[in-house]
Amino acid sequence: AVTVVPIPTDGMKGRIIGKEGRNIKQLERLTGCEIMIDDTPNSVTISCFSPIRRQIAKRTIEMLVKDGRIQPARIEECIDRAKKELAKEIKKAGEDALYELGIPVSSIDPKLVSILGRLKFRTSYGQNVLQHSIEVARIAGMLAEELGADAFNCRKGGLFHDIGKAVDHDMQGAHPEIGYNIMKKFGWPEELCYQSIAHHEDVPRTIEGAIVKAADAISGARPG
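Residues numbered from 1 in each chain as written. Predicted model: local features only at pLDDT ≥ 70, side-chain atom pairs only at ≥ 80, totals over all residues. Heavy atoms only, no water.

Chemist: Just to check I follow, could you spell out the nonpolar core for this structure?
Modeler: Generally speaking, soluble globular proteins have nonpolar side chains that are buried together. Core analysis: the largest hydrophobic core is formed by 28 residues, its most contacted members being Leu98, Ile108, Leu112, Leu116, Leu159, Phe160 and Trp188. Elements supplying a minimum of two residues to this core: α4 (72-100), α5 (110-117), α6 (129-147), α7 (151-160), α8 (175-185) and α9 (190-198). Setting aside anything within four residues of it in sequence, one finds Leu116 in contact with Gly94, Ala97, Leu98, Leu130, Leu159, Phe160 and Ile163. (Core = buried A, V, L, I, M, F, W, Y, C linked by side-chain atoms within 4.5 Å. Buried < 20%, exposed > 50% of the residue type's maximum accessible area, 1.4 Å probe, protein only. Helix = DSSP H or I, 4+ residues; strand = E, 2+ residues; numbered from the N terminus. Contact = heavy atoms within 4.5 Å.)

If you want it as structure tokens, here you go:
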């Protein structure tokens, strides 16, 4: 839950803190992160459970260091800019994942595309969750074709099986249930929504659910 930001000189730490700590207080208040400035040379540590907030704080500090002008009003400008840039990158990451798997972008609500893109900044057991989801979709699709199951359902369900992890830092509950509720909210059929819960069930009740569970295990536990 930490991100380390390199800075050119240790003298920059004092400027990030600001007079009577006003700069660092503004940074922490607006990003929702804790900024830790310690004895580690040429670096600042950002601590926060939300990877998206950490990413915004990281980009803001990088902008401020590059610009050199560090004061509360400038911090606010940089945070707004970082949020806009990150929103575009998140949307593109979601669209790219859909293109890669041959799922029409127009068939998915733009808000859900952005939620999917957030997984680019989430890791689980050292694995990037968006890359893992793409891999699960590919493996599930191949298994479904061999077994005569619904390959499109398995690819789509595989891609979105961990969607709950995109927002589990901001919502209460376990990611399978959060993911199920997100898909239901966007009007998806029960057999697709179920994939979010199926991959954590001991005995999935559909063949597609069992395939996504197997694909998730293969992607998550393979050597390397």
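Chemist: Looking at this structure, I do not really get the pattern of salt bridges. What am I missing?
Modeler: A side chain of one charge can pair with a side chain of the opposite charge if their charged atoms are brought near each other. A complete count under the given rule lists 17 salt bridges for this structure. Between Asp67 and Arg74 there is a salt bridge, with the nearest N and O atoms lying 2.9 Å from each other. A residue is classified by how much of its surface remains accessible, and Asp67, at 31% relative accessible area, is partly exposed. The network of salt bridges with common partners includes Asp67, Arg69, Arg74 and Glu77. (Salt bridge = Lys/Arg side-chain N within 4 Å of Asp/Glu carboxyl O.)

Chemist: Explain the pairing of strand β3 (residues 43-47) to me, please; I cannot follow it from the model alone.
Modeler: Regular strands place side chains that alternate from one sheet face to the opposite one. Most of β3 sits inside the fold, with 4 of its 5 residues counted as buried. Where strand β1 (residues 2-6) meets β3, 5 bridges bridge the pair, whose relative direction is antiparallel. Among the inter-strand pairings, Val2 is bridged to a residue of β3, identified as Ser47. Relative to β3, strand β2 (residues 34-36) runs antiparallel, the two being bridged by 3 bridges. Paired with Met36 across the strands is Thr45, a residue of β3. (Pairing = 2+ DSSP bridges.)

Chemist: Quick question: what am I supposed to make of the packing of aromatic side chains here?
Modeler: Aromatic rings considered in pairs are described by the distance between their centres and by the relative angle of their planes. For the coordinates displayed, the defined rule picks out 1 aromatic pair. Pairing Phe160 with Trp188 gives two aromatic rings, centres 4.8 Å apart and planes at 75 degrees, and the pair type is edge-to-face. In this pair, Phe160 is assigned in helix α7 and Trp188 in the loop between α8 and α9, connecting sequence segments 28 residues apart. Both residues of the pair, Phe160 and Trp188, belong to the buried class. When the ring centre of Trp188 is taken as reference, the NZ or CZ atom of Lys156 above it lies at 4.8 Å. (Phe/Tyr/Trp six-rings, centres within 6.5 Å; stacked < 30°, edge-to-face > 60°. Lys NZ or Arg CZ within 6 Å of the ring centre and 35° of its normal.)

Chemist: When you look at the sheet that holds β3 in this model, what are you seeing that I'm missing?
Modeler: Backbone-to-backbone hydrogen bonds pair the strands of a sheet. The strands run either parallel or antiparallel. In spatial order, the strands read β1-β3-β2; together these 3 strands make up an open sheet with antiparallel pairing. Sheet topology places β1 and β2 at the edges, where each strand pairs with a single neighbour. Neighbour to neighbour, the strand axes of the sheet diverge by 25 degrees on average, direction disregarded. Sitting on the sheet, helix α3 (residues 51-67) touches β1, β2 and β3, and the angle it makes with β1 is about 10 degrees. (Axes fitted to C-alpha atoms, helices over the stretch in contact; angles between N-to-C directions.)

Chemist: Where do I start with unusual backbone geometry in this structure?
Modeler: A negative phi angle characterises most non-glycine residues, just as the trans form characterises most peptide bonds. Phi is positive for Glu20, close to 55 degrees, though the residue is something other than glycine. Looking at the element boundaries, Glu20 is found in the loop between α1 (11-17) and α2 (22-31). One non-glycine residue, Tyr125, adopts positive backbone phi at about 50 degrees. Turning to its location among the elements, Tyr125 is positioned in the loop between β4 (123-124) and β5 (127-128). For Tyr125, a relative accessible area of 88% gives the class exposed.

Chemist: Would you mind going over α7 with me for this structure?
Modeler: Residues spaced three or four apart along an α-helix face the same direction, because each turn holds 3.6 residues. The element α7 is extensively covered by neighbouring structure, given that 8 of its 10 residues are classed as buried. Among all positions of α7, only Ala151, Asn153, Cys154, Lys156, Gly157, Gly158, Leu159 and Phe160 are buried. Where α7 is buried, its residues touch α4, α5, α6, α8, α9 and α10 (207-221). Sitting at the head of α7, Asp150 places a side-chain oxygen 3.3 Å from the backbone nitrogen of Phe152. (Polar contact = N/O pair within 3.5 Å; in protein donor to acceptor, adjacent residues only side chain to side chain.)

Chemist: What's the story with the environment of Ala140 in this structure? I'm lost.
Modeler: Mapping Ala140 onto the fold places it in helix α6. Distance from Ala140 to Lys156, taken between C-alpha atoms, is 9.2 Å for residues 16 residues apart in sequence. If we ignore the near neighbours within four places in the chain, the residues touching Ala140 are Cys154, Ile211, Val212 and Ala215.

Chemist: Explain the side chain of Asp216 here, please?
Modeler: If you trace the backbone, Asp216 turns up in helix α10. For the buried Asp216, no salt bridge exists, and the shortest N-O distance to an oppositely charged side chain is 6.6 Å, to Lys165. Reaching out from Asp216, the side chain makes a polar contact with the side chain of His132 at a distance of 2.8 Å. Side chain to side chain, Asp216 and His161 meet in a polar contact 3.3 Å long. Filtering out sequence-adjacent residues up to four positions away, Asp216 remains in contact with His132, Val136, His161 and His199. (Lys, Arg positive; Asp, Glu negative; His and termini not counted.)

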